[in-house]
Amino acid sequence: MTGLDVVFVLVGLLTAAGAVLTVTSKNLVHAALALAVTLAGIAGVFLVLHADFLALVQLVVYVGAVAVLFLFGLMLTRAPIGREALDSQNRGLALAVSGGLFVVLSTLIVLAFGDVRVDAMTGPGIDVIGIAIFAVWVLPFELLSMLLLAALIGAIVLARREDGESGEEAEVTRIEVGDPPINESDGPPAEVAGDGQAELPAGSGGGGQA
Amino acid sequence: MSLIGPLLLATFLFCVGIYGIIARRNAVLVLMSVELMLNAVNINLVAFQNVLFPGEEAVSGLMFALFIIGVAAAEVGVGLAIVFNMFRNRATVNVDDVDLMRW
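Residues numbered from 1 in each chain as written. Chains lettered and ligands numbered in written order. Predicted model: local features only at pLDDT ≥ 70, side-chain atom pairs only at ≥ 80, totals over all residues.

(A) Looking closely at the overall build of chain B. Within chain B one finds three helices and zero strands. In chain B, the succession of helices and strands from N to C terminus is α-α-α. Here chain B has a C-alpha radius of gyration of 17 Å; the compact-globule value for 103 residues is 13 Å, and the former is much larger. By its C-alpha atoms, chain B is 55 × 25 × 25 Å across when sized along the principal axes. Across the 103 residues in chain B, those meeting the buried criterion constitute 55%. Sequence separation of at least 24 residues holds for 51% of the intrachain contacts in chain B that already meet a minimum separation of 6. (Helix = DSSP H or I, 4+ residues; strand = E, 2+ residues; numbered from the N terminus. Rg over C-alpha atoms; globule rule 2.2 N^0.38 Å. Buried ≥ 20, exposed ≤ 12 C-beta atoms within 10 Å, placed from the backbone. Contact = placed C-beta atoms within 7 Å.)

(B) Focus on the overall build of chain A. Helices and strands together make up the secondary structure of chain A, namely nine helices and zero strands. The order of helices and strands in chain A, counted from the N terminus, is α-α-α-α-α-α-α-α-α. Residue burial in chain A is summarised as follows: out of 210 residues, 21% are buried. A fraction of 58% describes how many contacts in chain A between residues 6 or more apart in sequence connect residues 24 or more apart.

(C) Main features of the interface of chain B and chain A. The interface is formed by 61 residues belonging to chain B together with 78 residues belonging to chain A. Considering every element that reaches the side of chain B that touches chain A, the biggest residue donor is helix α3 (residues 60–90) of chain B, with 21 residues.

(D) Molecular detail of the nonpolar core. One finds Val-45 and Phe-46 of chain A together with Leu-13, Val-28, Val-46 and Leu-62 of chain B to be the most contacted residues of the largest nonpolar core, which totals 66 residues. Of all the secondary-structure elements, those providing two or more residues to this core are α1 (3–24), α2 (28–48) and α3 (52–76) of chain A together with α1 (4–23), α2 (27–52) and α3 of chain B. If one sorts the elements of this core by residue count, α1 of chain B sits on top with 13 residues. Residue contacts for Val-46 of chain B: discarding those within four places in its chain leaves Phe-46, Leu-49, Ala-51 and Leu-54 of chain A together with Gly-61, Leu-62 and Ala-65 of chain B. (Core = buried A, V, L, I, M, F, W, Y, C linked by C-beta atoms within 7 Å.)

(E) Quick peek at the packing of α3 of chain A against α2 of chain B. Contact geometry for α3 of chain A and α2 of chain B: axes closest at 11 Å, N-to-C directions at 170°. Judged by the angle between their axes, α3 of chain A and α2 of chain B are roughly antiparallel. Across the interface between the two elements, Leu-54, Val-66, Phe-70, Gly-73 and Leu-74 of chain A of α3 of chain A pack against Val-28, Met-32, Glu-35 and Val-46 of chain B of α2 of chain B. Counted by class, the contact of α3 of chain A with α2 of chain B contains seven nonpolar, one polar and one charged residues. (Axes fitted to C-alpha atoms, helices over the stretch in contact; angles between N-to-C directions. Parallel < 35°, antiparallel > 145°, perpendicular 65-115°, else oblique. Nonpolar A, V, L, I, M, F, W, Y, C, P; charged D, E, K, R; others polar.)

(F) A look at the environment of Gly-18 of chain A. All names here are of chain A. Looking at the secondary structure, you find Gly-18 in helix α1. Under the C-beta neighbour-count criterion, Gly-18 is labelled buried, with 22 such atoms within 10 Å. Spatially, the C-alpha atom of Gly-18 lies 5.0 Å from that of Ala-34, the residues being 16 residues apart in sequence.

(G) Layout of α2 of chain B. Here α2 of chain B spans 38 Å end to end across 26 residues, near enough to the 38 Å set by a 1.5 Å rise per residue. With 19 of 26 residues buried, α2 of chain B is to be regarded as a mostly interior element. (Expected span 1.5 Å × (residues − 1).)

(H) Expanded view of unusual backbone geometry. One non-glycine residue, His-50 of chain A, lies in the positive phi region at around 65°. Checked against the element boundaries, His-50 of chain A lands in the loop between α2 and α3. Unusually for a residue other than glycine, Ala-91 of chain B sits at a positive phi of about 60°.

(I) Summary view of the confidence of the model for chain A. Confidence in the prediction for chain A averages 80 pLDDT; 72% of positions are at 70 or higher. When the criterion is pLDDT under 50, residues 184–210 of chain A qualifies, and its contacts beyond four places in sequence or with other chains add up to five contacts. (pLDDT = per-residue confidence, 0-100.)

The structure is reproduced here in structure tokens:
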């Protein structure tokens, strides 16, 4: 067991714990932050596997953009919080399906690749990756750029308000708990009117004027 | 370094993603589980590339992983737009309540 294996086990445990927390957390924001931890851990796994460029891409795209996008998505949709509201009734079925699949797949993997080891792992350098992108994979690369453009336009069209009126949300999205916020219009204006000449704190300013 | 560690981690992440897709009701959390599964596949691709085919000319595994990252970014954008639209029209992000196209 080399040092690389030890590092991989540590990063892998962090990643797995983050993934489990992502799908079991009762709090939506905690789930999104656990997802960010998981994605960062996967970037660490890429580093251990000597894929430096992919690790950086993972950090920039996933941890930087997608996790923030998910946080925005959670904050813009006011969803109820709690295990009963977040999880459906078929949690046992989900556990059975995923656990059975894990057992089958891991058995197959151990049987097929259980004895494959490399002593010194090498990854391709950034020059090899660049030449491969623009020599071999040019057409998929350009297609991916077109796909991203189409997704950008599609997302804007989908998320836009229907007929362009400003600011009015639908009636059903209102939150119905509590009272309307208290109107505190008498606090700050009195303060402003009181200290026309001095920036002292409120107590000492009032004493000086009295 | 052995190949089996990354493969087992990827399998675990994939199964956790499946659990999340089936067990969660919030549409945003379902999208997050889909992201977990896509990342598990990326780990597999990179591990096979760098362990089994280290000196390949066209670095196919890394290229597929890069393309998956790009497509996943597009998928998150469109998916969240659809979720926002659903929330605006029906005031819910619960995937059990969206059964208009159910057979």
